[in-house]
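Residue strings, one per chain:
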Amino acid sequence: MKEKVNYWKIFYNGIIPANPIFVLLLGMCATLGTTSSAYNGLMMGIATAAVLICSNVVISLIKNLVPDKVRIPAFIVIIASFVTVLQLVVNAWLPSLNASLGIFIPLIVVNCILLGRAEAFASRNGIFASFLDGLGSGIGFIFALVLLGATREILGTGKIFGAEIYPEDYGMLVFVLAPGAFIALGYLIAIVNRIRKTY
């Protein structure tokens, strides 16, 4: 008898139990480089999630057509194709976002979250399950980037999504700079893992 697929578990797994940032510690380059504000974190998260979902679906669709010897190169070409389309769309419709995220948009290609999910899940499962896996991991990635970006923005500038919470003069500049990203991420990882162990 065929085992029933638990779609909820597939979807939920990437949000908290196997969160790409807080649990698996994947994609650190984009995480630390683009989270100077909650808005940048949100946009980078959405961009990466869109590529992740699309590449997961396509890889699941063609998994039986790709020979094992060229599996990884084929996955990278698929991911790179979606990233190229994304970059052209962002460049055409959101030039300010393109200027803000800069090199990090094309660097989505080498984000190990995408290749990791392609190899570990999409190449071994059906289309709908791969879609849910990509959606769950994408939401988990967005959650992590927004939380880190909001933390850095509040502590560094006294704002969140540009709305002032307290005067910027009281902000701590270190959280706007690169060292602040490491400090904030370290504390957030500790808090999330504590919550996971408690519940």
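This report concerns the structure included in the present document. Throughout this description, residue numbers start from 1 for each chain and increase along the sequence as written. Residue-level local features of this predicted model are given only where pLDDT is at least 70; pairs of side-chain atoms are given and counted only at 80 or more, and the full residue set underlies all totals for whole chains, interfaces and linings. Hydrogen atoms and water are omitted, and side-chain values are computed over all heavy atoms in the structure.

This paragraph deals with the nonpolar core. One finds Ile21, Phe22, Met44, Val51, Leu86, Ile108 and Leu185 to be the most contacted residues of the largest nonpolar core, which totals 31 residues. Elements represented by at least two residues in this core include exactly α2 (28–34), α3 (38–62), α4 (71–93), α5 (95–101), α6 (112–122), α7 (127–157) and α8 (178–198). Helix numbering and strand numbering both begin at the N terminus, where a helix is a DSSP run of H or I of at least 4 residues and a strand a DSSP run of E of at least 2. Top element by residues in this core is α8. It accounts for six residues. Any pair of residues with heavy atoms lying within 4.5 Å of one another is described as a contacting pair. Not counting the four nearest positions on each side in its chain, Met44 is found in contact with Ala30, Thr34, Leu101, Phe104, Ile108, Phe141 and Leu145. Nine residue types can take part in a nonpolar core, namely buried Ala, Val, Leu, Ile, Met, Phe, Trp, Tyr and Cys, and a core is a set of them joined through side-chain atoms within 4.5 Å. Each residue is assigned to one of three classes by its accessible area relative to the maximum for its type, calculated with a 1.4 Å probe on protein chains only: buried under 20%, partly exposed between the two thresholds, exposed over 50%. Core analysis: the next-biggest nonpolar cluster, separate from the first, contains six residues, Ile10, Phe11, Ile15 and Phe121 among them.

Here the term cavity refers to a set of points on a 1 Å grid, laid over the protein atoms alone, in which a 1.4 Å probe fits but cannot get out; the term pocket refers to an open set having protein on both sides within 12 Å along at least five of seven lines, with lining residues being those that place an atom within 4 Å of a point. Grid points are joined across faces, edges and corners, and a volume is the space filled by probe spheres set on the points. When its volume is computed, the largest pocket comes out at roughly 160 Å³. Considering the residues around the largest pocket, the lining is formed by Ile15, Ile16, Asn19, Phe22, Phe143, Leu147, Leu188, Ile191, Val192, Ile195 and Arg196. Going through the elements one at a time, α7 and α8 are the ones with two or more residues in the lining of the largest pocket. Examining the composition of the lining of the largest pocket, we find that five residues originate from one element, α8, more than from any other.

This part takes up unusual backbone geometry. Of note in the backbone geometry, Leu25 takes a positive phi value of approximately 55° without being a glycine. Relative to the assigned elements, Leu25 resides in the loop between α1 (7–13) and α2. Phi at Phe161 is positive, roughly 50°, even though this residue is not glycine. Structurally, Phe161 can be placed in the loop between β1 (159–160) and β2 (163–164). Given a relative accessible area of 45%, Phe161 falls into the partly exposed group.

The next point concerns empty space enclosed by the protein. Summed over the entire model, instances satisfying the criterion amount to one cavity of 30 Å³ or more. For the largest cavity, the calculated volume is near 70 Å³. Lining the largest cavity, in full, are Ile10, Asn13, Gly14, Ala18, Pro20, Leu24, Leu26, Ile113, Arg117, Asp133 and Ser137. Those elements giving two or more residues to the lining of the largest cavity turn out to be α1, α6 and α7. The classification used treats Ala, Val, Leu, Ile, Met, Phe, Trp, Tyr, Cys and Pro as nonpolar, Asp, Glu, Lys and Arg as charged, and all other residues, Gly among them, as polar. For the lining of the largest cavity, the residue count by class is six nonpolar, three polar and two charged.

In this structure, Ser60 sits in helix α3. On the basis of relative accessible area, Ser60 is assigned to the buried category, the value being 2%. Among the polar contacts listed, one links the side chain of Ser60 to the backbone oxygen of Gly126, at a separation of 3.1 Å. Setting aside residues up to four positions removed in sequence, Ser60 forms contacts with Ala122, Asn125, Gly126, Ile127 and Ser130. We define a polar contact as two N or O atoms separated by no more than 3.5 Å, with the added condition that, inside protein, one atom must be a possible hydrogen donor and the other a possible acceptor, whereas residues neighbouring each other in sequence contribute only through side-chain atom pairs.

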